[in-house]
Amino acid sequence: MKNNTPLFKRVRENRLFWPLVALSLIFIFNAIFSPGFFKLGILDGHLYGNLIDVFNNSAPLMLVALGMTLVIATGGVDLSVGAVIAISAAMGAVLINPVFGNEEITNAVAADPTLTNTPLWLVVVVTLVAGTLCGLWNGLLVSRAKISPMVATLILMVAGRGIAQLIERGQIMTVYYKPYHWFGNGFILGLPVSIYIVAIVYAIAWVLVRKTSIGLFIESVGLNAKSSYYSGISEKNVKLFAYTFCGFCGAVAGLILGSYIHAIDANNIGLNYELDAIFAVVIGGTLMSGGRFSLLASMVGALIIWTFTITMYIFGVPANALLAGRAVLVLVVILLYSDYARRILNRIFERKGLQHDTAN
Amino acid sequence: MTDSQNILSMNRIKKSFPGVAALENVDFSLRKGEVHALIGENGAGKSTLIKVLTGVEHPDSGSIELDGKPVQVRSPQHSQELGISTVYQEINLCTNISVAENIMMGFEPHNFFGIDWKKMNALASEAMKRLDVDIDVTQSLGNFSVAIQQMVAIVRSLEVASPKILILDEPTSSLDVNETAHLFGVIRKLKSEGIGIIFITHFLDQVYEITDRITVLRNGKLVGTYNTTSLPRIELIGKMLGRSLTELDEVSKAKQKNEQKKDTESLVEAKGLGLTGSIEAIDFELHVGEVVGLAGLLGSGRTEIANLIFGIDTPDKGSLKIKGKKINHFSPLESLENGIALCPEDRKAEGIVGDLTIRENIILALQARYGWFKFIATQKQYEIAENYIKLLGIATPSADQLVKNLSGGNQQKVILARWLATDPQVFILDEPTRGIDVGAKAEIQKLVLQLAQEGKSIIFISSELEEVLRTSHRIVVLRDRKKAAEYSGDVDDHTIIQTMAGIL
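Everything quoted here is computed from the prediction, not taken from an experiment. (Residues numbered from 1 in each chain as written. Chains lettered and ligands numbered in written order. Predicted model: local features only at pLDDT ≥ 70, side-chain atom pairs only at ≥ 80, totals over all residues. Heavy atoms only, no water.)

### Describing a nonpolar patch on the surface
All names here are of chain A. What counts here: Without a salt bridge and with relative accessible area above 30%, a residue can belong to a patch; like charges are then joined within 9 Å and nonpolar side chains (Val, Leu, Ile, Met, Phe, Trp, Tyr) within 5 Å. All accessibility values rest on the Shrake-Rupley procedure with a 1.4 Å probe; residue burial counts only the protein chains present in the view. Salt bridges are identified by distance alone: a Lys or Arg side-chain nitrogen within 4 Å of an Asp or Glu carboxyl oxygen. The numbering of helices and of strands both runs from the N terminus, where a helix is a DSSP run of H or I of at least 4 residues and a strand a run of E of at least 2. With a 1.4 Å probe rolled over the protein chains alone, any residue whose accessible area is under 20% of its type maximum counts as buried; one over 50% counts as exposed, and the rest are partly exposed.
Judged by side-chain polarity, Leu25, Ile28, Phe29, Ile32, Phe33, Tyr313, Ile314 and Phe315 come together as a nonpolar surface patch covering roughly 810 Å² of accessible area. With 5 residues, the top contributor of residues to the nonpolar patch is helix H2 (residues 17–33). Within the secondary structure, Ile314 is located in helix H14 (residues 295–314). On the basis of relative accessible area, Ile314 is assigned to the partly exposed category, the value being 33%.

Okay, structure coming up:
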């Protein structure tokens with residue numbers, strides 16, 4: 001039997017293979033030890049259950065991971081996503097409660113949750129534009145001012161939450177306006193709205209990177225910026241696009257997160273999302289040095305992080321130990337992805353494959 | 001074949017990569033105090049053999065004996081411990097630290113306060129002097145020429161390991177005549193100390209100048225090992241290629257046919273074009289169907305001119321007209337749109353994107369010209385790529401092969417394909433044949449003349465004078481970042497060398 005690359009090896013080398021294995025392991029663990037995990041019920045005409053929670057909770061991180069994938073693929077990183085979430089969510093909240101601070105009106109709004117001066121579409125547009133502008137700012141710093149990505153986005157990471165606080169005039173802003181709650185809590189055909197939003201943004205991203213040349217250019221710039229430039233690729237615009245898109249994704253995440261908890265706390269909304277997103281991208285197999293990427297694998301990475309977290313919740317891990325639990329996940333994944341572990345795994349699999357071949 | 005003098009013998013080495021047999025039962029031996037040339041075309045298996053010897057790759061079968069004792073080279077580090085040192089074509093030293101630090105790194109002499117800098121500098125300086133190189137070792141390595149850097153690399157490998165075997169991989173590919181002579185002095189000295197030297201090069205002159213024996217590989221197989229003095233050059237080339245030299249003759253004939261074309265419309269017209277610190281103001285013209293060679297020593301400004309015309313650098317003097325249109329905005333993309341193509345000098349850093357496939361590399365420039373939204377469909381990409389793979393004879397099992405897995409000559413062909421796909425009118429080829437074998441060289445030279453016949457114009461840059469003479473209709477000689485003279489294509493090499501040297 002002559003087959004240069006065995007099927008199993010090809011499957012194994014697919015970017016989605018390891019993330020899916022990891023996700024399955026967590027699912028299997030839950031299937032054995034937490035019988036209720038896969039139970040889906042119907043409540044008020046929509047699905048509920050742990051799985052739905054996992055998806056609903058993962059949605060903002062999946063969105064941020066999409067943007068982060070492109071940025072990391074260019075060889076950069078965006079540390080400001082958490083802050084971008086705060087800024088864009090704050091912009092939306094301020095639009096809904098324009099006279100916030102005036103107690104009389106606040107009370108009036110609280111009494112009548114449909115009261116607002118701003119149409120919802122405008123809130124959405126402004127939220128998205130705010131985040132996109134933040135991304136554009138990062139992109140300009142990196143591509144035009146040639147500041148190294150980590151430093152450039154650190155600026156907004158530090159300043160962003162301050163800006164969000166200024167926008168909210170130093171308060172935690174509660175949004176009583178009901179229609180706004182829909183993005184994070186609503187359901188369409190029994191499934192959470194956030195899942196649809198993720199699907200739409202993923203579809204946009206997929207079309208952009210696979211049906212235009214941007215994806216190829218991003219990979220090319222990430223792998224060898226100089227050769228790409230010599231080939232006529234505008235490295236600057238490619239980077240500008242990646243950061244801007246990442247800002248846009250942060251804004252969509254901000255919309256969902258703000259809507260989910262009905263309140264925008266500039267100091268805590270989207271906290272540590274940049275780090276989780278980077279981790280999700282790494283789980284997805286995109287190298288931090290840039291180059292080849294897979295949007296889907298990064299989204300699975302985000303799912304893994306949240307499935308793991310929710311599993312910990314289910315097993316009653318105390319809240320203050322959650323971060324330690326995540327640290328273990330990070331450690332295990334990074335070790336599994338190291339060249340060393342790969343070599344060992346390859347050896348194990350190849351030996352097995354060999355025996356299999358001779359048996360035939 | 002058991003020779004008591006052999007310090008190294010590699011027996012029936014076999015190594016294959018997915019889809020390619022890189023080495024098939026190759027024997028190789030090295031005697032004490034011998035300079036042994038290892039030559040062959042691209043993909044002949046030279047690098048693989050060296051990688052096996054230095055422990056980068058492990059052979060599938062075969063044995064290695066050092067001083068008659070069988071060894072298994074486990075890793076590059078292990079090979080150093082066994083007394084095998086390698087100086088690579090791309091120098092892997094740090095240019096931002098001093099020469100002394102580069103030489104002594106990891107072996108610094110210490111005193112009570114830490115590193116004994118004085119002693120370290122003295123040791124390094126002494127080590128360099130042993131090779132008759134007298135330089136200030138406290139300066140950072142980047143301040144010195146590539147030749148000196150090469151020698152620093154050699155000195156380091158001698159200091160660190162006191163090797164019995166020294167492998168020099170294309171050590172002269174970026175050296176000029178004097179530097180090469182200097183390096184050869186060093187090699188002779190090492191040889192007299194009893195070190196066995198494996199010398200890999202594409203320059204046949206140098207093979208005959210310095211080596212004692214020659215081992216020729218072709219397509220992963222051993223052709224034979226010969227005493228240098230008893231193997232005439234023409235036979236050597238025949239053995240390397242496995243075919244006659246008629247192809248090279250064809251090149252010369254093709255050029256003669258081309259000679260008739262002249263005084264056509266000028267495509268590139270530079271007037272007083274220059275960039276401070278890079279190249280002084282230069283006048284330059286390129287006509288339709290013309291091959292203009294740029295000759296000059298390393299650092300004479302050849303690449304700098306290419307970079308100005310292609311828009312990598314923005315000139316601060318003079319003007320540039322392409323097809324009669326004045327260029328105001330200098331960038332590769334602008335040049336691409338004006339029908340100019342550049343195959344850059346540094347293939348790895350500026351040319352290929354090694355981790356992309358052949359297909360993606362080939363369509364890269366075309367796609368860049370089309371922009372973001374006029375995406376070339378995958379089907380069409382394969383068509384384009386496969387067309388050029390066939391046309392240029394790129395040796396690969398498929399268009400989905402990563403470019404970094406190809407040999408140097410095939411990588412160069414991929415870059416040529418990338419630009420051919422954009423159908424440019426002006427080709428700037430900067431050292432297109434550097435580090436590639438005689439066969440591929442002839443193919444590329446032929447391609448150059450064929451393009452000229454089709455009405456394309458070519459700026460041909462090469463440090464091999466013979467090659468410039470063979471292909472060019474007109475030759476511009478550069479010296480010290482200035483245009484020294486301009487000759488028609490039938491000038492003899494003697495005149496050019498004198499011009500380069502500043503005698504004429």
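### Section: the interface of chain A and chain B
Where we set the bar: By definition in these notes, contact holds between two residues if any of their heavy atoms fall within 4.5 Å. Joining two parts hides part of their accessible area as seen by a 1.4 Å probe, and the buried area is that hidden amount summed over both. In this classification, the charged set is Asp, Glu, Lys and Arg, the nonpolar set is Ala, Val, Leu, Ile, Met, Phe, Trp, Tyr, Cys and Pro, and all remaining amino acids, among them Gly, are polar.
In this complex, chain A contributes 23 residues to the contact, which on the side of chain B involves 32 residues. Taken over both partners, the interface formed by chain A and chain B buries close to 2200 Å², and the fraction arising from carbon and sulfur atoms is 66%. It is A:Leu216, A:Tyr230 and A:Ser231 in chain A that bury the most area against chain B; as a group they hold 30% of the surface buried on that side. Applying the counting rule to chain A against chain B returns 2 salt bridges. Ionic pairing is found between B:Glu350 and A:Lys226, a salt bridge with its closest N-O pair at 3.4 Å. Looking at the side of chain A that touches chain B, its residues break down into 9 nonpolar, 9 polar and 5 charged.

### Quick notes on the domain arrangement of chain A
Residues and elements named next belong to chain A. The cut-off we apply is this: Throughout, the edges of the domains are those of an automatic or database domain assignment. Throughout this description, a polar contact denotes any pair of N or O atoms lying within 3.5 Å of each other; where both atoms belong to protein, one of them has to be capable of donating a hydrogen while the other can accept it, and for residues adjacent in sequence the pair is counted only when both atoms sit in side chains.
What the domain assignment lists for chain A is domain 1 (15–23 + 45–316) and domain 2 (328–360). Measuring from the centre of the C-alpha atoms in domain 1 to the corresponding centre in domain 2 gives 34 Å. The partner domain 2 presents 8 residues to the 9 residues of domain 1 that form the contact. Taking both partners together, domain 1 and domain 2 bury about 740 Å²; carbon and sulfur atoms supply 85% of that area. Of all residues in domain 1, Trp18, Phe279 and Phe308 give up the largest surface area on contact with domain 2, accounting jointly for 67% of the area buried on that side. There are 0 salt bridges connecting domain 1 and domain 2. At the surface where domain 1 touches domain 2, the tally comes to 1 residue pair in polar contact (both at pLDDT 80 or more). Secondary-structure elements contributing two or more residues to the side of domain 1 that touches domain 2 are H2, helix H13 (273–283) and H14.

### Let's talk about the sheet that holds strand S15 (residues 291–295) of chain B
Residue and element names in this part refer to chain B. Heads up, the condition is: A pair of strands is labelled paired if DSSP reports no fewer than 2 bridges between them. Lines are fitted to the C-alpha atoms to define the axes, a helix being fitted only along its stretch in contact, and any angle between axes, read from their N-to-C directions, falls within 0 to 180 degrees.
Spatially, S18-S19-S20-S15-S21-S22 is the arrangement adopted by the 6 strands of the open sheet, whose pairing is mixed. Bordering the open sheet on either side are strand S18 (340–343) and strand S22 (482–488), each of which pairs with just one other strand. Here the strands of the sheet are splayed against their neighbours by 15° on average, with no regard to which way each runs. The sheet contact formed by S15 and strand S21 (residues 474–479) spans 4 bridges and is parallel. Residue pairing across strands places Val292 opposite Arg474, the latter belonging to S21. Of the strands in this sheet, S15, S18, strand S19 (426–430), strand S20 (457–461) and S21 are in contact with helix H10 (residues 302–310), which crosses S18 at around 145°. Across the sheet, helix H15 (residues 408–420) lies against S18 and S19, angled at about 170° from S18, the strand it touches most.

### Digging into the pattern of salt bridges
Close approach of charged atoms lets side chains of opposite charge pair. Residues and elements named next belong to chain B. Considering all chains together, one arrives at 23 salt bridges over all chains under this definition. Glu209 is the salt-bridge partner of Arg188, the closest N and O atoms lying 3.9 Å from each other. Of this pair, Arg188 sits in helix H6 (residues 177–192) while Glu209 sits in helix H7 (residues 204–210); the two residues are 21 residues apart in sequence, bridging distant segments of the chain. For Arg188, a relative accessible area of 41% corresponds to the partly exposed category.

### Digging into the environment of A:Asn320
Structurally, A:Asn320 is set in the loop between H14 and helix H15 (322–337). In this structure, the C-alpha to C-alpha distance between A:Asn320 and A:Leu20, residues 300 residues apart in sequence, is 28 Å.

### So, the packing of helix H6 (residues 120–143) of chain A against helix H7 (residues 149–167) of chain A
Residues and elements named next belong to chain A. Filter applied, for reference: The crossing is said to be left-handed when, going from far helix to near helix, the turn is anticlockwise and less than a right angle, and right-handed when the turn is clockwise.
Between H6 and H7, the least distance of the axes is 9 Å, while the angle of their chain directions is 145°. Handedness of the crossing formed by H6 with H7: right-handed. Contacts between H6 and H7 pair Cys134, Trp137, Asn138, Leu141 and Val142 from the former with Pro149, Ala152, Thr153, Ile155 and Leu156 from the latter. Its residues assigned to classes, the contact of H6 with H7 comprises 8 nonpolar, 2 polar and no charged.

### Comments concerning the environment of A:Gly36
By the element assignment, A:Gly36 lies in the loop between H2 and strand S1 (41–43). Along the chain, A:Gly36 and A:Ile314 lie 278 residues apart, while their C-alpha atoms are 9.8 Å from each other.

### Regarding the packing of helix H4 (residues 81–96) of chain A against H7(A)
All names here are of chain A. Worth spelling out the cut-off: For this classification, under 35 degrees means roughly parallel, over 145 means roughly antiparallel, 65 to 115 means roughly perpendicular, and everything else is oblique.
Taken N-terminus to C-terminus, the directions of H4 and H7 make an angle of 15°; their axes are 8 Å apart at the nearest point. The orientation of H4 relative to H7 falls into the category roughly parallel. When you trace H4 past H7, the crossing you get is left-handed. Judged by residue contacts, Gly82, Ala83, Val84, Ala86, Ile87, Ala90, Met91 and Val94 of H4 engage Leu156, Met157, Gly160, Arg161, Ile163, Ala164 and Ile167 from H7. Looking at the contact of H4 with H7 residue by residue, the class counts come to 12 nonpolar, 2 polar and 1 charged.

### Examining the sheet that holds strand S16 (residues 317–322) of chain B
All names here are of chain B. With antiparallel pairing, the 4 strands of this open sheet are ordered in space as S14-S13-S16-S17. Across the chains shown, the open sheet's two edge strands, defined by having one partner strand only, are strand S14 (279–287) and strand S17 (325–326). Across 5 bridges, the pairing between strand S13 (residues 266–275) and S16 is antiparallel. Counterpart to Lys271 in the pairing with S16 is Ser319.

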